[in-house]
Amino acid sequence: MAIAEQNPDTLTSAPPRMQSAGWALASLSLATLLSSLGTSIASVGLPSLMQNFGATFQAVQWVVLAYLLAITTLIVSAGRLADMFGRRPLLLGGIALFTSASVLCGLAPTLWLLIAARAVQGLGAALMMALTLAFVAETVTKDRIGGAMGLLGAMSAIGTTLGPSLGGLLITGFGWRAIFLVNVPLGVLTFVLAWRALPARNKTARLDRGTFDVVGTALLALTLAAYALAMTLGRGNFGTLNIGLLIAAGTGVFLFAAQARVKNPLIRLASFRDLQLSASLAMSLVVATVMMATLVVAPFYLSRGLGLDAAMVGVVLSTGPLVSTLSALVAGRLTDRFGAHRMMVAGLLSLTTGTFLLSLAVTRFGIAGYVVAITVTCIGYALFQTSNNAAVMTGVDAGQRGVVSGLLNLSRNLGLITGASLMGAIFAVASAEGHEGIGLLSSEAAARGMQVTFQTATVLALAALFLALLSARATGRAESRAS
């Protein structure tokens, strides 16, 4: 892979033997693995944390929520800071912060200190997530960017898949502290590799040294925090507090838009007039919402609808992440060969087909019926995610890559948060049987809940497909005028 030459952060000071896009991409892949592993590995440790700290589930769930909230609320600001002060120092700082916070998590003597350390770890992850996509756009040539995005997607899927199983082994062998300390050697390796390989800013290049929008940053962070909490608190019971938080989030959106007229806003609202960018962000949110249903609803269908034991449920559920990992690598090459917009449409067609097959929820087909449907769904997801990221990051100005990368990650995170709440609620309502709890569902009720949930997911996938077709058509027209 060749290094891109025309950007503000061209290579000047990295050691010659490490000045290659391959090594830079390796460091970005490890950073992606770290941040996704940090998301998935902690969940498996919640029962151990409850036992060791004598805490309730409502208390220990903040070990997961603090990390996710820090990423969600700060990821756009992290991208903006990188656009202002340089991406390399910010990414290195994010890796160092994540690694140091992992040490603090592993040594935390109390639950609340652990939660605070997880929030700091989330800040480091926000910097890594916001900047890996931006760096790809300037470390590989345009005709190879799809393959690079596919590799990052595969590493993210590996981290998500590996987290629960690795965490379980570490807790069994070494205790809960090991699930955080395992990040330390990987973090040190990532830091060293990134320091040696990532492009340093050309001293003659000009950065966007405009003032940082402190008010806008605070408003956006509070707005996103209110929305995320509204979607996650209550464990499925949407009460007065959740409604109040949603109202606060809506008010925050209005205030953020009103103050975005300052000279150097955190997000330039005029950017959303670009149909491709707006459509890509909307599609990313919708697709993440759809995919969250496979994580929230599928376990109930497999255990209650198909009558599988816990071990088999885990094995069958691993099909999706495994397919996503393998498909992401192929998706990158297809995107480079056939173009991002074509592959985006193809991916959403596959996703829509997969969710429709899942909506059939025909229990007589057993495990095979689910595996075929989830395979089609995850192939579509990997193809969409890779091509969508490639389309956005190749079309954005160099000075805005950080904030746009942050917006892409933010749209995905908000989709996951929304999907966990929305799809879970739809399944609970559709499968309700009298006053029985969701854990006592009959096979018929679980199948009915699965059908309604994925019928909704199919409608959402069709909406995303419609947006992709509009975006592709508008891009085609623009290219015709330019030629």
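Residues numbered from 1 in each chain as written. Predicted model: local features only at pLDDT ≥ 70, side-chain atom pairs only at ≥ 80, totals over all residues. Heavy atoms only, no water.

## A few points about the overall build of the chain
Formally: What counts as a helix is a DSSP run of H or I of at least four residues, what counts as a strand is a run of E of at least two, and both are numbered from the N terminus. The cut-offs for exposure are 20% and 50% of the maximum accessible area for each residue type, with area from a 1.4 Å probe on protein chains only; residues under the lower value are buried, those over the upper are exposed, and the others partly exposed. What makes two residues a contact is simply this: any of their non-hydrogen atoms within 4.5 Å. What sets the accessible areas is the Shrake-Rupley method with a 1.4 Å probe; for residues, cover comes only from the shown protein chains.
Along its length, the chain carries 19 helices and zero strands. Looking at the chain as a whole, 54% of its 483 residues are labelled buried. Restricting to contacts in the chain with at least 6 residues of sequence separation, those with at least 24 account for 82%. Just so you have it, the chain exposes about 20,500 Å², and 67% of that area is on carbon and sulfur atoms.

## So, the side chain of Thr335
Positionally, Thr335 belongs in helix H15 (residues 319–338). Judged by relative accessible area, which is 5%, Thr335 ranks as buried. When sequence neighbours within four positions are dropped, the list of residues in contact with Thr335 reads Gly146, Ala340, Met343, Thr386, Ser387 and Ala390.

## Topic: helix H9 (residues 183–197)
As a reminder of what qualifies: For a helix, the expected span equals 1.5 Å multiplied by the number of residues minus one.
When the terminal C-alpha atoms of H9 are compared, their 21 Å separation across 15 residues agrees well with the 21 Å that a helix rising 1.5 Å per residue should span. Asn183, Val184, Leu186, Gly187, Thr190, Leu193, Ala194, Arg196 and Ala197 are the residues of H9 that are buried.

## Some remarks on a nonpolar patch on the surface
Under the convention used in this document: Patches draw on residues past 30% relative accessible area with no salt bridge. Two like charges within 9 Å are joined, as are two nonpolar side chains (Val, Leu, Ile, Met, Phe, Trp, Tyr) within 5 Å. Should a side-chain nitrogen of Lys or Arg be within 4 Å of a carboxyl oxygen of Asp or Glu, the pair is scored as a salt bridge.
Residues Leu329, Val330, Leu334 and Phe338 make up a contiguous nonpolar surface patch of about 320 Å² in total accessible area. Tracing the backbone shows Val330 in helix H15.

## What about the environment of Thr456?
So the rule is basically this: Throughout this description, a polar contact denotes any pair of N or O atoms lying within 3.5 Å of each other; where both atoms belong to protein, one of them has to be capable of donating a hydrogen while the other can accept it, and for residues adjacent in sequence the pair is counted only when both atoms sit in side chains.
Structurally, the position occupied by Thr456 is in helix H19 (residues 443–482). A sequence separation of 33 residues divides Thr456 from Met423, and the C-alpha atoms of the two residues are 8.5 Å apart. Polar contacts involving the side chain of Thr456 include one to the main-chain carbonyl oxygen of Val452, which spans 3.0 Å.

## Some details on the packing of helix H4 (residues 62–85) against helix H18 (residues 401–430)
Heads up, the condition is: Axis definition: a line fitted to C-alpha atoms, over the contacting stretch in the case of helices. Angles run 0 to 180 degrees between N-to-C directions. Should an angle fall under 35 degrees it is taken as roughly parallel, and over 145 as roughly antiparallel, whereas 65 to 115 is taken as roughly perpendicular and any remaining angle as oblique. Note that Gly is not counted as nonpolar here; it falls among the polar residues with everything else outside the nonpolar set of Ala, Val, Leu, Ile, Met, Phe, Trp, Tyr, Cys and Pro and the charged set of Asp, Glu, Lys and Arg.
Here H4 crosses H18 at 170 degrees, and the two axes come no closer than 7 Å. The orientation of H4 relative to H18 falls into the category roughly antiparallel. For the pair H4 and H18, the contacting residues are Ile71, Thr72, Ile75, Val76, Gly79, Arg80 and Asp83 in the first and Arg401, Gly402, Val403, Gly406, Leu407, Asn409, Leu410, Asn413, Leu414 and Ile417 in the second. Here the residues of the contact of H4 with H18 are counted per class, giving eight nonpolar, six polar and three charged.

## Remarks on H15
Counted only if it meets this: Two axes enter the definition of the bend at a residue: one is fitted to the seven residues ending there, the other to the seven starting there, and the bend is the angle between them.
End to end, H15 covers 27 Å across 20 residues, agreeing with the expected 28 Å (1.5 Å per residue, within 8%). Maximum bend of H15: about 30 degrees, positioned at Ala328. Residues of H15 that are buried include every one of Thr319, Gly320, Val323, Ser324, Thr325, Ser327, Ala328, Ala331, Gly332 and Thr335, and no others. Downstream of H15 by a residue or two, Gly339 has a phi angle that is positive, lying close to 100 degrees.

## Notes on the nonpolar core
Inclusion rule: What makes a nonpolar core is a set of buried Ala, Val, Leu, Ile, Met, Phe, Trp, Tyr and Cys residues whose side-chain atoms join them at distances within 4.5 Å.
Of all hydrophobic cores here, the largest spans 58 residues; its most connected members are Ile75, Val76, Leu91, Val136, Ile267 and Met393. Those residues in contact with Leu91, other than ones at most four positions away along the chain, are Leu28, Leu127, Met128, Leu131, Phe135 and Leu198. Counting residues in each nonpolar core, the second largest holds 41 residues, with Ala279, Cys378, Phe427 and Phe454 among its members.

## Some words on the environment of Ile267
Considering the arrangement of structural elements, one finds Ile267 in the loop between helix H11 (240–259) and helix H12 (275–296). In this structure Ile267 comes out as buried when scored by relative accessible area, which is 7%.

## Details of the environment of Gly424
In this fold, Gly424 is placed in helix H18. As for Gly424 and Val296, which are separated by 128 residues in sequence, their C-alpha atoms are 6.3 Å apart. For Gly424, the contacting residues outside a window of four places in its chain are Val296 and Gly419.

## Notes on the confidence of the model for the chain
When pLDDT is low, close inspection of the predicted coordinates is not appropriate. Formally: What pLDDT reports is the predictor's confidence in each residue, on a scale of 0 through 100.
With 87% of its residues at a pLDDT of 70 or more, the chain has an overall mean of 81. Segment residues 1–19: pLDDT under 50, and 56 contacts once partners within four positions in sequence are set aside and those in other chains are kept.

## Examining the packing of helix H5 (residues 87–107) against H9
Let me state the cut-off plainly: We call a crossing left-handed when the near helix sits turned anticlockwise from the far one by less than a right angle, and right-handed when that turn is clockwise.
Packing of H5 against H9 leaves a shortest axis separation of 9 Å and a crossing angle of 165 degrees. As the angle between them shows, H5 and H9 are arranged roughly antiparallel. As for the relative orientation of H5 and H9, their crossing is left-handed in sense. Between H5, through Arg88, Leu92, Ile95, Ala96, Phe98, Thr99, Ser102 and Val103, and H9, the contact on the second element is made entirely by Asn183, Val184, Gly187, Val188, Thr190, Phe191, Ala194, Trp195 and Arg196. Partitioning the contact of H5 with H9 into residue classes produces 10 nonpolar, five polar and two charged.

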